[in-house]
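# Descriptive analysis of the structure
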Amino acid sequence: MILFENCRLFDGLGTELRDGCHVLVEGERIKEVSDRPIQAAGAEVIDLKGRTLMPGLIDAHFHAMAAEPDFVKMEDLPRSFLHQHARHLLEAALLRGFTTVRDAGGGDYGLAMAIKAGLIEGPRLFYSGRALTQTGGHADFRSLEAGHGDYCFCSQSAHIFGTIADGVPAVRKAAREELRRGATQIKIMASGGVSSPSDPIWNLQYSEEEIRAIVWEAESWRTYVMAHAYTPEAISRCVAFGVRSIEHANLIDAETAAACAAAGAYVVPTLVTYEALERDGPELGLPPVSIEKLKVVREAGVQSLEILNAAGVAVGFGTDLLGAMQSHQSGEFSIRAEVLSPDEILRSATSVNAALLNVEGDLGVVAPGAFADLLVVDGDPLADLSLLQNQGAHLAVIMKGGHFVKQSL
Ligand code: ZN
Ligand code: ZN
């Protein structure tokens, strides 16, 4: 047992810190939270001396396998190389305080196994496996030149980030393949995107029949679909057809946001990736076609937060950073602070994301029975969100499942 004494508590749900709290961890879970001293014979006692204790952070849009920004190139890189990169990216995310990440394409059963086996000291991994994409869709990373000859994409295992499936029987089978391998949710591409070579941002992807079939397959496994979508039209189609998690949503308007709220859908903005791509992308090898497309979505990004907030949409927290740009993961906090209050932002990254991942009460809160995924912050993150920056430098303790990842007290 481990007893954290004398902390200021952000429990993941509230609007302010509670002073003078005590938290007892037994095994991998939290046993007790109290504003009175806890008696626990034999427990290791850590006096936090008024530091802040809070739930581990959750990033709901992560790509462990994205070693660099050029997906066309990455599909040709050796898996063994990408796996080493994934290890590096996952371990760095955990040291920034992200004790859970939801992988939005590429991350798979093997990586989750390696984390469970302790080969990678990484966050809990909720993985989609390969994203489902239509031919020419946002996860069809064949270069336009490659599409002409007898290029063979018949072997499903050839892909890393996406699986190309067209028509209802094919999308059902593709979804079932990912669910069979334990995907915690199914990812689909429902509009054009920045990093793919052929599709404009405004392009609508997947028919109603295809999306409804994928949603049915996911729900039959008691899970849900997350969809990449930028425009109001793409987003409203997804929500009407049963998609639960809308990714990015940069170009959303008030009417579409209201539809999301009414349907109980979540929206997961990933604003930091557009800033990072704008700043570092060209130097890191982002292709010119992507640089052009980036402008359209980047400028609308921050305004989308205001629209979502005004409509009362459940806003998750994601980053979607690629390769070396993942070091900017915590930059998402400061971008959101231009529009939202710190407690709203931290709830997004803890309890709201936990509800989105269907693990309400298990993750994203400091409460009895929850997993002991905990951070100790040197200071008050509600007064100064920059305490979450600098690659975890202000985190005195990082605990995942009752195990110390970092303990510098
Ligand atoms: Zn996307
Ligand atoms: Zn993504």
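Residues numbered from 1 in each chain as written. Chains lettered and ligands numbered in written order. Predicted model: local features only at pLDDT ≥ 70, side-chain atom pairs only at ≥ 80, totals over all residues. Heavy atoms only, no water.

### Some words on the coordination of the zinc ion (ligand 2)
Note on the zinc ion (ligand 2): its protein donors are His61 (NE2), His63 (NE2) and Asp320 (OD). The metal-donor distances range over 2.0 to 2.2 Å. Binding-site remark: the zinc ion (ligand 2) is held by donors from one chain whose sequence spacing is H-x1-H-x256-D. In this structure the zinc ion (ligand 1) is found 3.8 Å away from the zinc ion (ligand 2). Taken together, the residues His63 in the loop between β6 (57–62) and α1 (71–74) and Asp320 in the loop between β15 (314–315) and α10 (331–336) connect sequence positions 257 residues apart. Residues His63 and Asp320 agree in their burial class; the two are buried. (Donors = N, O, S within 2.8 Å, 3.2 Å for Na, K, Ca; no water. Helix = DSSP H or I, 4+ residues; strand = E, 2+ residues; numbered from the N terminus. Buried < 20%, exposed > 50% of the residue type's maximum accessible area, 1.4 Å probe, protein only.)

### Considering the packing of helix α4 (residues 168–180) against helix α5 (residues 208–220)
Where α4 contacts α5, the two axes come as close as 9 Å, and the packing angle between them is 30°. The angle between α4 and α5 places the two elements in the roughly parallel class. Both α4 and α5 take part in a crossing whose hand is right-handed. Each of Val168, Val171, Arg172, Ala175, Arg176 and Leu179 in α4 lies in contact with α5, whose residues at this interface are Glu209, Glu210, Ala213, Ile214, Trp216, Glu217 and Ala218. Tallied by class, the residues present in the contact of α4 with α5 amount to eight nonpolar, no polar and five charged. (Axes fitted to C-alpha atoms, helices over the stretch in contact; angles between N-to-C directions. Parallel < 35°, antiparallel > 145°, perpendicular 65-115°, else oblique. Left-handed = near helix turned anticlockwise from the far one by under 90°. Contact = heavy atoms within 4.5 Å. Nonpolar A, V, L, I, M, F, W, Y, C, P; charged D, E, K, R; others polar.)

### Remarks on the pairing of strand β13 (residues 245–248)
Regular strands place their side chains on alternate faces of the sheet. Here four bridges tie strand β12 (residues 225–229) to β13, and the two strands are oriented parallel to one another. Bridging from a neighbouring strand, Ala227 pairs with Ile246 of β13. Remark: the β12/helix α6 (residues 232–240)/β13 crossover connection has right-handed handedness. Alignment of β13 against strand β14 (residues 266–268), held across three bridges, turns out to be parallel. Bridged to Glu247 within β14 is Val268. Tracing the backbone out of β13, into helix α7 (residues 254–263) and back to the parallel element β14 gives a crossover that is right-handed. (Pairing = 2+ DSSP bridges. Right-handed = clockwise from strand over helix to strand, strands pointing away.)

### Describing the pattern of salt bridges
For side chains bearing opposite charge, pairing can occur when the charged atoms are close. This model, assessed by the stated rule, comprises 25 salt bridges. One salt bridge in this structure joins Glu178 and Arg130, with 3.0 Å as the shortest N-O distance. With a gap of 48 residues between them, Glu178 in helix α4 and Arg130 in the loop between β8 (124–127) and β9 (131–133) connect regions that are remote in the sequence. In this structure Glu178 comes out as buried when scored by relative accessible area, which is 4%. In this structure, the salt-bridge partner of Glu177 is Arg181, at a minimum N-O distance of 3.9 Å. (Salt bridge = Lys/Arg side-chain N within 4 Å of Asp/Glu carboxyl O.)

### Focus: α7
By the burial criterion, the buried members of α7 are Thr256, Ala257 and Cys260. Angular distribution of buried residues about the axis of α7 spans 100°; they occupy a single face of the element. Opposite the buried face of α7, by more than 90 degrees, sit the exposed residues Ala254, Glu255 and Ala262. Along its buried surface, α7 packs onto α6, β14 and α9 (288–311). Once α7 ends, the next one or two residues include Gly264, with phi positive near 75°. (Arc of directions from axis to C-beta.)

### Describing the sheet that holds β8
The parallel open sheet is built from three strands, whose spatial order is β6-β7-β8. The sheet is open, and its two borders are formed by β6 and β8, each paired with just one other strand. Strand after strand, the sheet turns through a mean of 15° between neighbouring axes, direction not considered. Direction of pairing for strand β7 (residues 98–103) relative to β8: parallel, over a ladder of four bridges. Paired with Arg102 across the two strands is Phe126, which belongs to β8. Strands in contact with helix α11 (residues 342–356) are β6 and β7; relative to β6, the strand with the most contacts, it is inclined by about 55°.

### Quick notes on unusual backbone geometry
Phi at Asn358 is positive, roughly 65°, even though this residue is not glycine. Mapped onto the secondary structure, Asn358 falls in the loop between α11 and β16 (374–377). Phi at Asn390 takes a positive value of approximately 60°, unusual for a residue other than glycine. Examined against the element boundaries, Asn390 turns out to sit in the loop between β16 and β17 (395–400).

### Describing the packing of helix α8 (residues 271–284) against α9
Two numbers describe how α8 lies on α9: the axes approach to 8 Å, and their chain directions differ by 145°. Crossing geometry of α8 relative to α9 is assigned as left-handed. Judged by residue contacts, Leu271, Tyr274, Glu275, Leu277, Glu278 and Pro282 of α8 engage Ile291, Leu294, Val297, Arg298, Gly301, Val302, Ser304 and Leu305 from α9. Along the lines of polarity and charge, the residues of the contact of α8 with α9 split into nine nonpolar, two polar and three charged.

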